[in-house]
Amino acid sequence: MTEREKMLAGEWYSAQDKELKKLRRKARLAMQALNASRDNAPERLSLLQALLPKAGEGLWIEPPFYCDYGEHILLGDNVFFNFNCVVLDVALVTIGNNVMLGPNVQLYTATHSLDAQHRRSGLEAGRPIIIGDDCWIGGSAIINPGITIGARSVIGAGSVVTKDIPADVFAAGNPCQVIRHLSMPT
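Residues numbered from 1 in each chain as written. Predicted model: local features only at pLDDT ≥ 70, side-chain atom pairs only at ≥ 80, totals over all residues. Heavy atoms only, no water.

## Structural notes on unusual backbone geometry
- That bond from Pro63 to Pro64 is cis: its omega, 5°, falls within 30 degrees of zero.
- Structurally, Pro64 is set in the loop between β2 (60–61) and β3 (65–67).
- Going from Asn174 to Pro175, the amide bond is cis rather than trans, its omega being 0°.
- Of note, Pro175 is situated in the loop between β18 (169–173) and β19 (176–181). (Helix = DSSP H or I, 4+ residues; strand = E, 2+ residues; numbered from the N terminus.)

## Concerning the sheet that holds strand β7 (residues 93–95)
- With respect to topology, four strands assemble into an open sheet ordered β4-β7-β12-β15, the strand pairing being parallel. Two strands bound the open sheet, and with one partner strand each, they are β4 (73–75) and β15 (148–149).
- Across three bridges, the pairing between β7 and strand β12 (residues 129–131) is parallel. Across the sheet, residue Thr94 finds its bridge partner in β12, namely Ile130. (Pairing = 2+ DSSP bridges.)

## With respect to the side chain of Thr109
- Topologically, Thr109 is positioned in the loop between β9 (106–108) and β10 (110–111).
- In terms of polar contacts, Thr109 uses its side chain to reach the backbone carbonyl oxygen of Leu88, at 2.5 Å.
- In contact with Thr109, not counting residues within four places along its chain, are Leu88, Asp89, Val90, Ala91, Leu92, Val93, Ala125, Gly126, Arg127, Pro128, Ile129 and Pro145. (Polar contact = N/O pair within 3.5 Å; in protein donor to acceptor, adjacent residues only side chain to side chain. Contact = heavy atoms within 4.5 Å.)

## Focus: the sheet that holds strand β16 (residues 154–155)
- Across the sheet, seven strands lie side by side as β2-β5-β8-β13-β16-β18-β19; this open sheet has mixed pairing. The two strands at the open ends of the sheet, each matched to only one other strand, are β2 and β19.

## Observations regarding the packing of helix α2 (residues 18–36) against helix α3 (residues 44–51)
- For the pair α2 and α3, interaxial distance at closest approach is 9 Å and the crossing angle is 155°. Classed by the angle they form, the pair α2 and α3 counts as roughly antiparallel. Note on packing geometry: the crossing formed by α2 with α3 is left-handed. Touching Ala27, Ala30, Met31, Ala33 and Leu34 of α2 are Arg44, Leu47, Leu48 and Leu51, all from α3.
- The residue inventory of the contact of α2 with α3, partitioned by class, reads eight nonpolar, no polar and one charged. (Axes fitted to C-alpha atoms, helices over the stretch in contact; angles between N-to-C directions. Parallel < 35°, antiparallel > 145°, perpendicular 65-115°, else oblique. Left-handed = near helix turned anticlockwise from the far one by under 90°. Nonpolar A, V, L, I, M, F, W, Y, C, P; charged D, E, K, R; others polar.)

If you want it as structure tokens, here you go:
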């Protein structure tokens, strides 16, 4: 397997691989152009499509925005990223339709060994993140590797999500936990 194949399979891989460095450099150049663009610039849509080719309709990002690769981020329709969001997409990040992410939200798929000797090897791994339809992730929330957030759930500002969150709940805190179930308006 290539290092990229290992990375996407969730196996230990070397981020110093030439192919991965080239892909990250491509993403950095696209982010630089996106982050320097005006919101009404005609090229904004093409910059977004170059960085995030697997995005649905109605994507809106308030720069600055940062990611590792961009192409491992799968976005539904009408996704909104507020200012200064970070997506470490060494594994797939899947975000459903009508999702809002507040400022400074961090999505981390990257992980490292707990064993110091293994960390010194430079190898890392990734675990996917899934955010269901109609979610709202409050400002400065951190979503850790391997997390799934169920549809229509709300994550409170400043939360650190370390375990899966079911659908239709408000969850908050560090570590994030379900505070209450959300009822549908009548």
